[in-house]
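As a plain string of letters, each chain reads:
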Amino acid sequence: MALPRVRVVTLNAALGPLDYRVPDGMTVEPGSVVVAPLGPRQLIGVVWEADRLKTEEVGDNRLRPLAGLVDVPPIPAPLRRLCEWTADYYLSPLAAVLRMVMPSSAALDGPRTMVEYRATGDAPARLTPQREQALSRIEWRQGTVRELAAHAEVSEAVMRGLVHAGALERVEVDGDQPFPVPDPDFAPPNLNAEQQVAAGSLCAAVGNGFDPVLLDGVTGSGKTEVYFEAIAEAVRQGRQVLVLLPEIALTEPFLTRFTARFGCEPVAWHSDLRSSQRRRAWRSISKGEAQVVVGARSSLFLPYADLGVIVVDEAHEPSFKQEEGVQYHARDVAVMRGHFEQIPVILASATPAIETRHMVEIGRYRELKLTERHGLAQMPSIAAIDLTQDPPLRGRWLAPSLVADLQKNLDAGEQSLLFLNRRGFAPLTLCRHCGHRFQCPNCTAWMVEHRLMHRLACHHCGHVMPPPKACPECGEEDSLVACGPGVERIADEVAELFPAARTAVVTSDTIWSPARAAEFVRAMEAGEIDIVIGTQLVTKGYHFPNLTLVGVVDADLGLQGGDLRAAERSFQQIQQVAGRAGRGDKPGRVLVQTHDPDAPVIAALVSGDAPGFYAAETEARRDAAMPPFGRLAAIIISAEDKNEAEAVARRISNAAPKVDDMAVFGPAPAPLAMLRGRHRQRLLVHAARKLDVQDVIRDWLGELEWSNKVRVAVDVDPYSF
Ligand code: ADP
Ligand code: ZN
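Keep in mind the model is a prediction, meaning the values are calculated, not measured.

(A) Representation of the overall build of the protein. Looking only at helices and strands, the protein has 20 helices and 30 strands in total. Out of the 721 residues in the protein, the part that is buried amounts to 44%. If you take every contact in the protein between residues at least 6 apart in sequence, the share linking residues at least 24 apart comes to 74%.

(B) Region of interest: helix 19 (residues 642–654). The first and last C-alpha atoms of helix 19 sit 18 Å apart over 13 residues, in line with the 18 Å expected at 1.5 Å per residue. Every buried residue belonging to helix 19 is among Ala 645, Val 648, Ala 649 and Ile 652, and all of these are buried. Along helix 19, the residues classed as buried sweep out an arc of 105° about the axis, all on the same side. Exposed residues on helix 19 whose side chains face more than 90 degrees from its buried face are Asn 643 and Asn 654.

(C) Summary view of the environment of Gln 378. Within the fold, Gln 378 resides in the loop between strand 15 (366–370) and strand 16 (381–386). Here Gln 378 falls in the partly exposed class, since 15 other C-beta atoms lie within 10 Å of it. A C-alpha to C-alpha distance of 7.0 Å links Gln 378 and Gly 582, two positions 204 residues apart in sequence. For Gln 378, the contacting residues outside a window of four places in its chain are Arg 373, Gly 582 and Pro 587.

(D) Structural view of the UniProt feature "binding site: Zn(2+) 2" (unreviewed entry) in the protein. According to UniProt, the feature "binding site: Zn(2+) 2" (unreviewed entry) maps to Cys 440, Cys 443, Cys 458 and Cys 461 in the numbering used here. Taken together, the annotated residues stretch across 22 residues yet fold into one region, lying no more than 8.6 Å apart by C-alpha. Leaving out residues up to four positions away in the same chain, Cys 440 has contacts with Ala 445, Met 447, Cys 458, His 460, Cys 461 and His 463. Note on placement: Cys 461 falls in the loop between strand 20 (455–457) and strand 21 (464–465). Overall, Cys 461 belongs to the partly exposed group, with 18 C-beta atoms counted inside 10 Å. For Cys 461, the residues in contact, after removing those within four places along its chain, are Cys 440, Asn 442, Cys 443, Leu 675 and Arg 676.

(E) Structural detail: the sheet that holds strand 26 (residues 589–594). With parallel pairing, the six strands of this open sheet are ordered in space as 16-26-25-17-24-23. The two strands at the open ends of the sheet, each matched to only one other strand, are strand 16 and strand 23 (503–506). Shown here is a sheet whose adjacent strand axes are inclined to one another by a mean of 20°, direction ignored. Both strand 17 (residues 415–419) and strand 24 (residues 531–534) contribute to a ladder of four bridges, which runs parallel. Bridged to Leu 417 within strand 24 is Val 532.

(F) Examining the pairing of strand 13 (residues 307–313) more closely. Most of strand 13 sits out of view: seven of its seven residues are buried. Taken together, the five bridges between strand 10 (residues 240–244) and strand 13 define a ladder with parallel strand orientation. The residue of strand 13 that forms the bridge with Gln 240 is Leu 307. Here four bridges tie strand 13 to strand 14 (residues 344–349), and the two strands are oriented parallel to one another.

(G) Looking closely at the packing of helix 1 (residues 77–89) against helix 2 (residues 94–101). Put simply, helix 1 and helix 2 touch, their axes get as near as 9 Å, and they point 135° apart. If you check the angle between helix 1 and helix 2, you find them oblique. With respect to the hand of their crossing, helix 1 and helix 2 are arranged in right-handed fashion. Here Leu 79, Cys 83, Glu 84, Thr 86 and Ala 87 of helix 1 lie close against helix 2, whose contacting residues are Leu 94, Val 97, Leu 98 and Val 101. The class makeup of the residues in the contact of helix 1 with helix 2 is seven nonpolar, one polar and one charged.

(H) Looking closely at the nonpolar core. In this structure, Val 8, Leu 215, Tyr 227, Ile 231, Val 309, Ile 346 and Val 592 are the most contacted members of the largest nonpolar core, which totals 157 residues. Element by element, the count of residues in this core is highest for helix 8 (residues 223–236), at eight residues. Filtering out sequence-adjacent residues up to four positions away, Val 592 remains in contact with Ile 382, Ala 384, Ile 385, Val 552, Ala 555, Ile 574, Ile 602 and Leu 605. Core analysis: the second largest hydrophobic core is formed by 12 residues, Ala 134, Val 154, Met 159 and Leu 162 among them.

(I) Summary view of the sheet that holds strand 1 (residues 5–10). Pairing is antiparallel across the open sheet formed by five strands, whose spatial order is 2-1-4-3-5. Two strands lie at the open edges of the sheet, namely strand 2 (18–21) and strand 5 (68–69), each paired on one side alone. With two bridges connecting them, strand 3 (residues 33–38) and strand 5 associate as antiparallel partners. If you follow Val 35 over to strand 5, its bridge partner there is Gly 68.

(J) Region of interest: the site of ligand 1. Every one of the 15 residues lining ligand 1 counts as a neighbour, but Gly 222, Lys 223, Thr 224, Glu 225 and His 374 are closest to it. At three residues, the largest contribution of residues to the shell around ligand 1 is made by helix 8. Of the residues in the shell around ligand 1, the class split is two nonpolar, 11 polar and two charged.

(K) Structural context of the environment of Lys 287. Note that Lys 287 resides in the loop between helix 10 (275–286) and strand 12 (292–295). The exposure class of Lys 287 is partly exposed, given the 14 C-beta atoms found within 10 Å. Along the primary structure Lys 287 and Thr 618 are separated by 331 residues, whereas in three dimensions their C-alpha atoms are 44 Å apart. Those residues within four positions of Lys 287 in sequence are excluded, and the remaining contacts are Pro 73 and Ala 305.

(L) Structural view of the confidence of the model for the protein. The predicted model of the protein averages 91 in pLDDT, with 99% of residues at 70 or higher. What the predictor reports for the complex is a pTM of 0.91 with an ipTM of 0.97.

(M) Region of interest: the pairing of strand 12. The two faces of strand 12 match: Val 292 and Val 294 on one face and Val 293 and Gly 295 on the other face are all buried. Bridge count between strand 10 and strand 12: four bridges; the pairing is parallel. Within strand 12, the residue paired with Leu 244 across the bridge is Gly 295. One ladder, built from three bridges, connects strand 11 (residues 267–269) with strand 12; its direction is parallel. Pairing of Val 267 across the sheet is with Val 293, part of strand 12. In this fold, the crossover linking strand 11 to strand 12 by way of helix 10 has right-handed handedness.

(N) Quick look at the packing of helix 1 against helix 11 (residues 330–341). Between helix 1 and helix 11, the least distance of the axes is 9 Å, while the angle of their chain directions is 140°. Taken together, the axes of helix 1 and helix 11 are oblique relative to one another. Crossing angle aside, the handedness with which helix 1 passes helix 11 is right-handed. Between helix 1 and helix 11, the contacting residues are Pro 78, Arg 81, Leu 82, Trp 85 and Thr 86 on the first element and Val 333, Met 336, Arg 337, Phe 340 and Glu 341 on the second. Its residues assigned to classes, the contact of helix 1 with helix 11 shows six nonpolar, one polar and three charged.

Rules used throughout
- Residues numbered from 1 in each chain as written.
- Chains lettered and ligands numbered in written order.
- Predicted model: local features only at pLDDT ≥ 70, side-chain atom pairs only at ≥ 80, totals over all residues.
- Helix = DSSP H or I, 4+ residues; strand = E, 2+ residues; numbered from the N terminus.
- Buried ≥ 20, exposed ≤ 12 C-beta atoms within 10 Å, placed from the backbone.
- Contact = placed C-beta atoms within 7 Å.
- Expected span 1.5 Å × (residues − 1).
- Arc of directions from axis to C-beta.
- UniProt positions renumbered as here; feature names shortened; annotations may be inferred.
- Pairing = 2+ DSSP bridges.
- Axes fitted to C-alpha atoms, helices over the stretch in contact; angles between N-to-C directions.
- Parallel < 35°, antiparallel > 145°, perpendicular 65-115°, else oblique.
- Left-handed = near helix turned anticlockwise from the far one by under 90°.
- Nonpolar A, V, L, I, M, F, W, Y, C, P; charged D, E, K, R; others polar.
- Core = buried A, V, L, I, M, F, W, Y, C linked by C-beta atoms within 7 Å.
- Near = placed C-beta within 6 Å.
- pLDDT = per-residue confidence, 0-100.
- Right-handed = clockwise from strand over helix to strand, strands pointing away.

Set out below in structure tokens:
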């Protein structure tokens, strides 16, 4: 008689599926989370339908028994199907996808009661510099000794010392404590007519199968209010809801609004959670108890027991595309999850991606429109400032007419926002004497000066150096100049122009946690900030009624580089930041600084002709058979040794199959020719929509081998290239 055997997918991406024997007394089913022995190791894995995966044949007599069954609900079938689809579509190991389902080992086998620590407020008798650093950095934070030590960048011994000295107290956290349940009728809104139509249609969709919907509403039209009604309906039906946000900084304002509508916070899932919070959220999600979850793209693969609707807010945002590991697009995978779960998926955006509009045009997605701002708020007026006619003074970046408007706004007690999508003080430091440019040693990138942090930093690998005093090439002192502006430099200019104005710089350097974002929102709402200078981080989601002027410092920035999506991205970004102006009852104005006011993007923004702009962009894509009319995949070959990368790239290129409707370009240096110390070569595959490129690439690369010093990654549907 055959022994009961099962096929297991472990979380180890280097391993294929493995077969095991089910020991007596253990009952498993597809989806069961198990402990699988491999050599001396114990691996976590998931039991899979054996007929869906191939593995090496192992005789019954060589099968090892499973070592244990983990006490969590089985991973549901729709999610297993989604994992298979994702692995297939993005050419990734199934195990790598499964790691996103089970990212927290603490959730699986950690103890229920977790011991954490927090500051008591009492200073220890002996205050060393290390202890001082530790206490000042952890502030009100709570966490395990290890988490606090990592956060404060001190050793665990220092933290333990603080515990002994009584400066930190022990807190026991119940990892199974239930979350409050949102009340769908806590504070329902009074929807306007247009909103009612959209909300009614979404509510009717909940419980009625797969239904991808583009919720296309201008900024401030109440998209959030509308999809909240779909959430309320799902909660009434006792089903779970996932809201995906593009940015962890947006979590905090979302929590506040959600609480106002539903009476309690939703469950948050993001990279800033402590391991006890992760455990609690994961287990509660998998048991179907956590009703509404809000999170970044990583929350998409969590094992919801009974999902009723998915919302992707700001669905056009490029940050939904993951660029490392499994290179998936969370917006697209969300729609696939909706398909496997048979539920509606709401894509909310004021500036939908061309891909998404195209899906509406070919009838695959429905569209619901909100054409007006809610209440008395009007759409802001947008005007261009031609920098060739109205140039800033020497050494400055803001045109006189923009400065004059900022002054007017200050005098009127209204808030202004200056947008420049560049962190730091200056993107390039140059020696005037010998022409030396400060480059990152690991990347094809300049070192960006960050004056607030007193250093130069590489935005790609994180390499930092102290601000140089002399040129390392010619030894000249006083010859280094900062070229070009970043937000910090604009903040300096504002401080010189308006010494009395209260300013805030908002970038990922200053807003790195939900708590920081909350503090920014509070200060804005309390009127403690007059002028915000920010990167793309301030373009989304925020609602500040007293913000009436937006200045776009350099509208030409995003158009450089000639990327396929450059124009679309620029349009979206400026439209979004413009959408922050005039959201209350005072009208908003947007001034866009450019050297080329006739560029199609700028002309469309000023004339308000979004449909015309989209139509022209879409036609250009159609003519070139670019996405969504054709398909792209990038094959990136990287190695520390340049020659090795080039040699493997050539071999892959030489082995390219001759397939109709497919062309292969390259190899050529990838856009970031060197990244984190690795040389990168790229092949670009361009194919017709109908071609199964993944299949072609799988066969093509499957025939080849290379040394493990060379990495080959495939980026299917690359966002930028
Ligand atoms: P969007 O997400 O489309 O930019 P929001 O949902 O943020 O728009 O709505 C903009 C502002 O208008 C928010 O402050 C919101 O609370 C308010 N608002 C929208 N619709 C209503 C409504 N029906 N009743 C009351 N306030 C509303
Ligand atoms: Zn670097």
